[in-house]
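Residue strings, one per chain:
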Amino acid sequence: MKTKIFTVIIEQDEDGMYIAKVPDIAGCYTQGKTVEQAMERIKEAIQVCLEAEKEEYPPLKFVGVQQIEINAST
């Protein structure tokens, strides 16, 4: 079995839940009460997404994360 490596982005929502997303696979995300729980669940989500699509997902090269500040009127 071939091993694949995916980048996982983790964010925390306003309710304190951790959201895990895989940018290489459209629609592949899950959540958990802890980072550890979100990571375990994203492993399962990746497997389900890969089985459902049966496509090759060439990994993107992770470059980094940056933040930007803008003036926005609300």
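Everything quoted here is computed from the prediction, not taken from an experiment.

1. What about the overall build of the protein chain?
Consideration 1: The number of helices and strands found in the protein chain is one helix and three strands.
Consideration 2: Put simply, the protein chain runs from its N terminus to its C terminus through helices and strands in the order β-β-β-α.
Consideration 3: Counting across all 74 residues of the protein chain, residues that qualify as buried make up 22%.
Consideration 4: The contacts of the protein chain with a sequence gap of at least 6 include a subset with a gap of at least 24, amounting to 24%.
Consideration 5: Accessible surface for the protein chain amounts to roughly 6,500 Å². Of this, 52% is attributable to carbon and sulfur atoms.

2. A word on the sheet that holds strand 3 (residues 29-32)
Two pairing modes exist for strands in a sheet, parallel and antiparallel, and in both the strands are linked by backbone hydrogen bonds.
Consideration 1: Reading across the sheet, the three strands line up as 1-2-3 and stay open at both edges, with antiparallel pairing between neighbours. Edge positions in the sheet fall to strand 1 (9-12) and strand 3, since each has one partner strand and no second. Ignoring strand direction, the axes of neighbouring strands in this sheet form an average angle of 25°.
Consideration 2: Two strands pair when backbone bridges link them, and strand 1 and strand 2 (residues 18-21) are joined in this way by four bridges, in the antiparallel orientation. Residue pairing in the sheet places Gln12 in a bridge with Tyr18 of strand 2.

3. With respect to the nonpolar core
Consideration 1: Counting 10 residues, the largest nonpolar core is built from Phe6, Ala20, Val22, Ile25, Cys28, Ala38, Ile42, Ala45, Ile46 and Cys49.
Consideration 2: Ranked by residues supplied to this core, first place goes to helix 1 (residues 35-53) with five residues.
Consideration 3: With near-sequence residues (within four places) excluded, Ile42 lies in contact with Val8, Ala20, Val22, Cys28, Tyr29 and Thr30.

4. Let's talk about the pattern of salt bridges
Consideration 1: Under the defined criterion, the tally for this structure stands at two salt bridges.
Consideration 2: Across the pair Glu11 and Lys21 runs a salt bridge, and its minimum N-O distance is 2.8 Å. Of this pair, Glu11 sits in strand 1 while Lys21 sits in strand 2; the two residues are 10 residues apart in sequence, bridging distant segments of the chain.
Consideration 3: Under the relative-accessibility criterion, Glu11 is labelled partly exposed at 39%.
Consideration 4: With a closest N to O distance of 3.5 Å, Glu40 and Lys43 form a salt bridge. Of the two residues, Glu40 and Lys43 are both situated in helix 1; the distance of three residues between them amounts to about one turn of the helix.
Consideration 5: In this structure Glu40 comes out as partly exposed when scored by relative accessible area, which is 45%.

Rules used throughout
- Residues numbered from 1 in each chain as written.
- Predicted model: local features only at pLDDT ≥ 70, side-chain atom pairs only at ≥ 80, totals over all residues.
- Heavy atoms only, no water.
- Helix = DSSP H or I, 4+ residues; strand = E, 2+ residues; numbered from the N terminus.
- Buried < 20%, exposed > 50% of the residue type's maximum accessible area, 1.4 Å probe, protein only.
- Contact = heavy atoms within 4.5 Å.
- Areas by Shrake-Rupley, 256 points an atom, 1.4 Å probe, with all protein chains shown as cover.
- Pairing = 2+ DSSP bridges.
- Axes fitted to C-alpha atoms, helices over the stretch in contact; angles between N-to-C directions.
- Core = buried A, V, L, I, M, F, W, Y, C linked by side-chain atoms within 4.5 Å.
- Salt bridge = Lys/Arg side-chain N within 4 Å of Asp/Glu carboxyl O.

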